[in-house]
Number of protein chains: 2
Amino acid sequence: MDFFFNPQGIAVVGATPNPLKGGNAILKNILLGYRGRIYPVNPKYHRIEGLTCYPSVGSIPEPVDLVIVFVPAPLVPAVVEDCAGKGVRGVIIESGGFAEAGPEGERLQKTLTDIAERTGIRLWGPNCMGLVDCVHRHIFSFMDPRALEREEFIPGNVSLVVQSGMLSAIFLIDIMSNATMGVSKVCSVGNKVDVNECDILEYFLGDPDTGVIGLYLESFSDGRRFLDLCRRSGKPIVVLKGGRSRAGAEAALSHTASLAGNQRIITGALAQVGVREARDFKQMMDLCRSLSLTKPAPGGSGRVAVLTLSGGAGIVATDFVAEHGLTMAALSAATKNTLERLFPRWMPVTNPVDLWPAMEKQSSADVDVYSLSLEALLSDPEVDAVFLHVFISNPRSRLNPSELAARIHAAGKPIIVWIIGRRDDVYAFQKEALVHGIPVFTDISRAAECLAAVLGERCRPEPMSDEKKEPRTMPAPLQKLLHSASGPLDEHLSKELLRAGGIPTIPEEIVADPAHAEAAAAALGYPVVMKGLIPGGIHKTELGLVRLEISDRRAVRTTFENLMEQMEGRGKVLIQKQHPGRVELILGLLRDPQFGPCVMFGPGGVLAELYDDTVFAAAPLTYGEALKLIGRIRSRKVLDGFRGTPPVNREEIARILVALGEIGLSQPRIREIDINPLIVGEQGAAAADATIILG
Amino acid sequence: MDFFFNPQGIAVVGATPNPLKGGNAILKNILLGYRGRIYPVNPKYHRIEGLTCYPSVGSIPEPVDLVIVFVPAPLVPAVVEDCAGKGVRGVIIESGGFAEAGPEGERLQKTLTDIAERTGIRLWGPNCMGLVDCVHRHIFSFMDPRALEREEFIPGNVSLVVQSGMLSAIFLIDIMSNATMGVSKVCSVGNKVDVNECDILEYFLGDPDTGVIGLYLESFSDGRRFLDLCRRSGKPIVVLKGGRSRAGAEAALSHTASLAGNQRIITGALAQVGVREARDFKQMMDLCRSLSLTKPAPGGSGRVAVLTLSGGAGIVATDFVAEHGLTMAALSAATKNTLERLFPRWMPVTNPVDLWPAMEKQSSADVDVYSLSLEALLSDPEVDAVFLHVFISNPRSRLNPSELAARIHAAGKPIIVWIIGRRDDVYAFQKEALVHGIPVFTDISRAAECLAAVLGERCRPEPMSDEKKEPRTMPAPLQKLLHSASGPLDEHLSKELLRAGGIPTIPEEIVADPAHAEAAAAALGYPVVMKGLIPGGIHKTELGLVRLEISDRRAVRTTFENLMEQMEGRGKVLIQKQHPGRVELILGLLRDPQFGPCVMFGPGGVLAELYDDTVFAAAPLTYGEALKLIGRIRSRKVLDGFRGTPPVNREEIARILVALGEIGLSQPRIREIDINPLIVGEQGAAAADATIILG
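Report follows, based on the coordinates. (Residues numbered from 1 in each chain as written. Chains lettered and ligands numbered in written order. Predicted model: local features only at pLDDT ≥ 70, side-chain atom pairs only at ≥ 80, totals over all residues. Heavy atoms only, no water.)

### Thoughts on the packing of aromatic side chains
Next up, step 1: Evaluated as defined, the whole model comprises 27 aromatic pairs over all chains.
Next up, step 2: Lying over the aromatic face of Tyr427 of chain B, Arg423 of chain A brings its terminal NZ or CZ to 3.6 Å of the ring centre. (Phe/Tyr/Trp six-rings, centres within 6.5 Å; stacked < 30°, edge-to-face > 60°. Lys NZ or Arg CZ within 6 Å of the ring centre and 35° of its normal.)

Here you go:
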């Protein structure tokens, strides 16, 4: 992939001297920073922008690594063939008119796919803005050169992938003109005919100029590879997935020919591999910026000291600290002593630290209350991070960003600044702070959110062990079943499969006649449950085929006869021990088109449905991920010994979730698994009812 | 209150020629705009800032409406006495050192309360920044005059109350320098010794210069009056309550000596009276601005058309439209026709409308695609509002704010602009748009949130009927009980009280002996429930005193004897019909220190506790408010016929909630009521168990 970013020789097909056209902009932009050889290609001209122009890529006498194409869509396939013939390694197709533009465009795009597959040439785009590298000033894009001339690049270590050509350009201009953050690379991936977000993400993971990765995506080209890359990443990753809502997903379908996934699965899978999910463009930038500038101190937790110039700001900052799951630090005695000397006598030293009364008190003395207090908080072992309020337009509350930076770096603890004041003063401070690596925010809520992101960044996912686990071998009859059957399996077969896959199920037996039923009931122990299983009948309860609380021989016999009669000879009778459960859970597996087999977990009964309280993770899950997944349901109280019941053994449930994921991975014909409920009782957890659907 | 805002003559006690002191700033600030007589007061000087200075307020020869005080706290009571003697109507005390500053300050503040009560003089503050009126340029505050000189006031119709002196000043500077919005008045209320947020809110309701009211509060001085005022308001009100979290509330207690209320009750009460709750300072300003600039069209609902310059922006805008409960408009045929003529042939016309392909297509023709599309959307009867994306730094996507405003006003529909581009271009557009009454946002999520607020503003609370309802008279024995008893009443007495208050309860009887029990059971009909009631024993189930499913005479007799034995002669036995319920609910009443009797509603069983799914409203509730309250639980699906049960009669539950509130209002000795559960069955709803706690 490096030839896209650092090519030896670039040709521009569709180059033109007309300054109103993209083909001219591309050339001018390349000239702004690229130091290698540049070859305009256009049969109509001999020279463009002072460079020799060639009629075709094939006619360029020297080797060319990269070709940027900006000609009408119908002409593109021939150009790409020409490139392949010439031995070009990568082509960025910036023209539109492909899959996003109706059936004819789809056909053209298919042609491109075929050429890439046949020749091995890598194709980037089409329908994209190309890429910009702010560190090396490589601008391989048709964005307006005038926009670029007006702004200064701020080189930095945040690299972005943007699945929207327009937005990638807009973002860059917005980031540059607002001095939001330092950027390494911005890549517009367009229709992803060949190069997709995974290829670029993989490149970024090894790119020394990239420290933080942000992606705006409307679809995942290869969900499983994406997750694997994220899991391996030592760099923070932030993803904004457009099309979260049903309506948004519909909009996404008509844009860049995307396939939007189930948002709940996406959210679960991203959380599983340690990716931070953003919702809003600016928020995504703010998160990237914070993670790029600031790191949590090793060994700390989330204890925050708030230093403000207004009690009100302290109160609201405290609200947000709590909302984001951080805690207000309990200041050490030494810090309190330092602050007490600065404060008026009547003022108790608490966190949030409201500095104004101290400033009032010390206004005549030449004491830098602000810096002294900050110093005390930063050196407090009880404090992991400082939320700092700067009122820039008050001379007494002005901090020098470079001194501030020196203090922060000495302390090795993150600081987030919430700034307020005159617009120009704010901007000047913010720009200077950026140079010194201090994240500054004008929204108090955003500041708190980003501080939480920084402090949470220590929680990287555990690496997936590389040793290939052999999937459990299924007994021959089950293997045969898995090959030959389709649609829903009955409860008994489903549970046999689960048991073979390592998931505990409650004791049960299929019984052939009343005597068999009686013997089975006696062996299982009363009370028992009896169920009628008919082919395809997954809704047993609704069909009246589930009978509970059967407590004696006579009832077993009558129930057997009743069920058989009701099924009109088409079904089987299942008898099982009535499991004395304390907590019921729902577990599931489904095969997502983007992420493959995904495991679902939720509380049982009506809860999951009433409160949409289910969580997902992609298989395979590590044991640790399964434990975290369990902790993500909102009703987790129910697991911790709710209303007098003893707590659920989370380790046991985690092992079952891991096993469920392995079944999904090793058995590709399984489309769906429903374990509803998994009953957790004194003897442990067991699937009480289950359905497996083969696809 | 008008003498605070438009006084005839102002004296400044603590005036000084020293430009570093607040007493000088106050004088300078008054001189910036106030056109009446100004009297500096300080025994040390004869003239300050060119004005005759007086040794005391009493020595001013002319009448004085308003006095602003900025002298050390211990001197303030004597000054206020002097003012009262002179016949001054209002005093703004801007000095600190009162209740926020320890016991000595509290004593001083108490002295001020006493003087106000004795003399009738109105006191504003202490520990506040006073007030600023941007329309009349009345600046009665010690804020830095230089800060004011550097910025232009933007007069407008948003008025603010800020319970934090520092923040009120900072906000004003922030708003002015960012051209956030036009402001009428900013009032800093400080410690609220006399004048509180209610007084100012009431004044704002009648103030012709005020159109929208925003309040940052750390406490409610008189919650019930506040709610009444909000309910009567024809103007939108936005409240940011600091101290939402437990930690934040603790911080609030040490600031401005506030009492923070239960956040869940506050949220419920504010929603009940149509107040919009903000969480963040900038968000509060953004909401105020949007509500000030824009109004929903009469008769519309929440159908939004999104017009963007990027498919990605359209997708994310659509996500937020859905998230805020708005709907994407289905465009009419006429609109589609208009757009189809502008669009490339292959492009389907859908909402969100991605304009870029049309702009590309029409780039050579002289067609203003942007304006034509906007026009079509605004005139579409299927569209209630337009979410407009402006990419300001692209010349082809530039809109003229004044033309845009003309279109909007002609259509009478709100538009919200999400802008992105170069910082300076964005600011220039935003400032011009403000003049033309168009709200512009740089955050896409904020833009959507504010559009939702504007479209939701049609939902004003219904006015409370003025006719005084006579509370139901309680039968004499119950009246006696309410006077004499204290602590928890037993279930039977509690339900008798509820029944007398108009709340249905299940049929039941206290039985004295086994024969009585048998007769009662026969009359009620089997199965019955029997409970042992012992004084103070509210946890009957935990004590093993609840027996269900009693289905025959013998069981009634045995159970009676068992219960009596278990209670060791201390209790009574209650027998009741086992109510065949379909849905269980929890209702409650509690007396909040700020809002008085408040009604609680939630789903029954474990749901309310597991998911914190309870909602509150202050009594009295109108019937309509009770209906809305019911609709605010997250598990409302359970009410609409969940899993085959018929829907719950919401009207019936609403009437019960109204009655519950009336009981709380008319019976001040009732501290708490728990109805758990209220069973909703085929015959209607009835309280199955209840406890009333007298205080």
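### Considering the relation of the copies chain A and chain B
Next up, step 1: Of the transformation superimposing chain A on chain B, the axial component is 0.0 Å and the angular component is 180°, with the fit at an RMSD of 0.1 Å. What the superposition gives is, in effect, a two-fold axis relating one chain to the other.
Next up, step 2: When the interface residues of chain A are mapped onto chain B, 100% of them are again interface residues, pointing to one common binding face. (Least-squares fit on C-alpha atoms with pLDDT ≥ 70 in both. Contact = heavy atoms within 4.5 Å.)

### Quick look at the sheet that holds strand S25 (residues 572-577) of chain B
Residue and element names in this part refer to chain B.
Next up, step 1: Taken in spatial order, the four strands line up as S22-S25-S23-S24 in an open sheet, and their pairing is antiparallel. Only two strands of the sheet have a single neighbouring strand rather than two, namely strand S22 (508-511) and strand S24 (546-550). Between one strand axis and the next, the sheet turns by 20° as a mean value, whatever way the strands run.
Next up, step 2: In the sheet, S22 pairs with S25 via four bridges, with the strands oriented antiparallel. The residue of S25 that forms the bridge with Val511 is Val573.
Next up, step 3: On top of the sheet, helix H21 (residues 514-524) reaches S22, strand S23 (528-533) and S25; it is set at about 170° to S22, its chief contact. (Pairing = 2+ DSSP bridges. Helix = DSSP H or I, 4+ residues; strand = E, 2+ residues; numbered from the N terminus. Axes fitted to C-alpha atoms, helices over the stretch in contact; angles between N-to-C directions.)

### Describing the environment of Val599 of chain B
Residues and elements named next belong to chain B.
Next up, step 1: Residue position: Val599 is located in strand S27 (residues 596-603).
Next up, step 2: Taking the C-alpha atoms as reference, Val599 lies 4.5 Å from Leu589; in sequence the two are 10 residues apart.
Next up, step 3: Excluding residues within four positions of it along the chain, Val599 makes contact with Gly588, Leu589, Val615, Phe616, Ala617, Leu621, Leu629, Leu657, Leu660 and Gly661.

### With respect to the packing of helix H3 (residues 76-86) of chain B against helix H4 (residues 102-119) of chain B
All names here are of chain B.
Next up, step 1: Remark: H3 packs on H4, axes separated minimally by 10 Å, with the N-to-C direction vectors making an angle of 10°. Relative to H4, the element H3 lies roughly parallel. Side by side, H3 and H4 meet where Val76, Pro77, Val80, Glu81 and Ala84 of the first sit next to Leu108, Thr111, Leu112, Ile115, Arg118 and Thr119 of the second.
Next up, step 2: Class assignment of the residues belonging to the contact of H3 with H4 gives a composition of seven nonpolar, two polar and two charged. (Parallel < 35°, antiparallel > 145°, perpendicular 65-115°, else oblique. Nonpolar A, V, L, I, M, F, W, Y, C, P; charged D, E, K, R; others polar.)

### Observations regarding the pattern of salt bridges
Next up, step 1: Scanning the entire structure with this criterion turns up 67 salt bridges over all chains.
Next up, step 2: Measuring nitrogen to oxygen at the nearest pair gives 2.7 Å for the salt bridge that ties Asp207 of chain A to Lys185 of chain A. In this pair, Asp207 of chain A sits in the loop between helix H7 (197-206) and strand S12 (212-217) while Lys185 of chain A sits in strand S11 (residues 183-188), placing the two residues 22 residues apart along the sequence. For the pair shown, Asp207 of chain A and Lys185 of chain A are each scored as buried.
Next up, step 3: Among the salt bridges present, the one from Arg231 of chain B reaches Glu625 of chain B, with a minimum N-O distance of 2.0 Å. Taken together, the residues Arg231 of chain B in helix H8 (residues 223-232) and Glu625 of chain B in helix H24 (residues 623-631) connect sequence positions 394 residues apart.
Next up, step 4: One network of salt bridges, with partners in common, ties together Arg122, Asp194, Asp199, Glu202, Arg225 and Arg232 of chain A. (Salt bridge = Lys/Arg side-chain N within 4 Å of Asp/Glu carboxyl O. Buried < 20%, exposed > 50% of the residue type's maximum accessible area, 1.4 Å probe, protein only.)

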